[in-house]
Every structure is written in structure tokens, then in C-alpha cells.
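Survey of secondary and tertiary structure
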Amino acid sequence: MKTSLALLGAQPEFSELLHVGRPNIGDRQALIARLNDVLDRRWLSNDGPMVKEFEQRISEFVRVKHCVAMCNATIALEIAIRALGLKDEVILPSYTFVATAHALQWQEITPVFADIDPQTYNLDPVAIERLITPRTTGIIGVHVWDVLATSTLSKP
């Protein structure tokens, strides 16, 4: 185990370097079978059977009546922003993927960046309070990392 994977003298949490975007493939054969099914049907998206199944399963998992799959989170944010009628200024964390701000800017909304809490990496409530003005129409909270994972980073 490499000691370079530990922070602040803690024991390493992982035996190898992990890329943040590394996918969890799971059962490779099941994945390949699903991909072959999609390719055989020649229906990759646009409300196809796999998309419908995905929406239905997510809907059940989060216990909601409806779920609509989007091509990416940026488009989902844009649709949510429009549905909520946000305008003028919206507060968001300074520590987020740039697409969060892009989704606002593309709707002609000014992103207002707030500091984050150094323990959780989420929005700092005190920083938000200082930034609220009469032009503020919303706050976008972004959960960047799992709180349990970040708490292990601060072990002595």
C-alpha cells in the first residue's frame, strides 16, 4: 500500500489511486448483454425501452411519481431553473463544476459564488446570508463529495 495515498499522516483509504470519474462497471457480462440488447434494437435513446426502464426504476428508488431522464446534469439544471422561474441572481458554491454556473448564465441569470465550509466542501450558510440581496431568486446547493469520505481526510 502506498503511503502517498494518505493525508495528514492517516492510513491510506485505498490500495491504488482512484480517478474521480472512474466508472463502477459491476457485472461486465450483464453490462455487455444490456449493451448488445440496445444495439440489436437500434434504439439508443429518445424514450426507448431502456430509457423508460431507467426512469421507472429511478422513480421507484426515490419514491416519486415521475422521473424524466436528461442527457446530462447541465440540461437538467437548465430545465429546473426555467421551471422554478429563477431570474436575476442565484447563489451557488464557489467549489463546483463550471457547468453549474453555465446553466445559470445560459438562462441570463448572474451566478453569485459563495464560500464553502472547509469541513464538508458544501455551501457555507454564513457566506450565503451575506450574499442574499433583493435580486436573489434562488440558491443552488451542490454536494460535491460524500460527507463520510471527506471526514476521513481530516483524521490525524
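Whatever comes next refers back to the structure up there.
Residues numbered from 1 in each chain as written. Predicted model: local features only at pLDDT ≥ 70, side-chain atom pairs only at ≥ 80, totals over all residues. Heavy atoms only, no water.

**Notes on the nonpolar core**
With 10 residues, the main nonpolar core is built from Ile81, Leu86, Val90, Leu92, Ala101, Ala103, Leu104, Ile109, Ile140 and Val142. Those elements that provide at least two residues to this core are strand S1 (89–93) and helix H4 (98–105). Grouped together as the second largest cluster of nonpolar side chains are six residues, Ala114, Leu123, Ala127 and Ile128 included. (Core = buried A, V, L, I, M, F, W, Y, C linked by side-chain atoms within 4.5 Å. Buried < 20%, exposed > 50% of the residue type's maximum accessible area, 1.4 Å probe, protein only. Helix = DSSP H or I, 4+ residues; strand = E, 2+ residues; numbered from the N terminus.)

**Considering the pairing of strand S2 (residues 110–114)**
The sheet contact formed by S1 and S2 spans five bridges and is parallel. Pairing of leucine 92 across the sheet is with phenylalanine 113, part of S2. For the crossover that starts at S1, traverses H4 and ends in the parallel S2, the hand is right-handed. (Pairing = 2+ DSSP bridges. Right-handed = clockwise from strand over helix to strand, strands pointing away.)

**Topic: the side chain of glutamate 78**
Secondary-structure assignment places glutamate 78 in helix H3 (residues 73–84). Although glutamate 78 is buried, it makes no salt bridge; arginine 82 carries the closest opposite charge, 4.6 Å away. If near-sequence neighbours (up to four positions away) are discounted, glutamate 78 is found in contact with Ala103, Trp106 and Gln107. (Lys, Arg positive; Asp, Glu negative; His and termini not counted. Salt bridge = Lys/Arg side-chain N within 4 Å of Asp/Glu carboxyl O. Contact = heavy atoms within 4.5 Å.)

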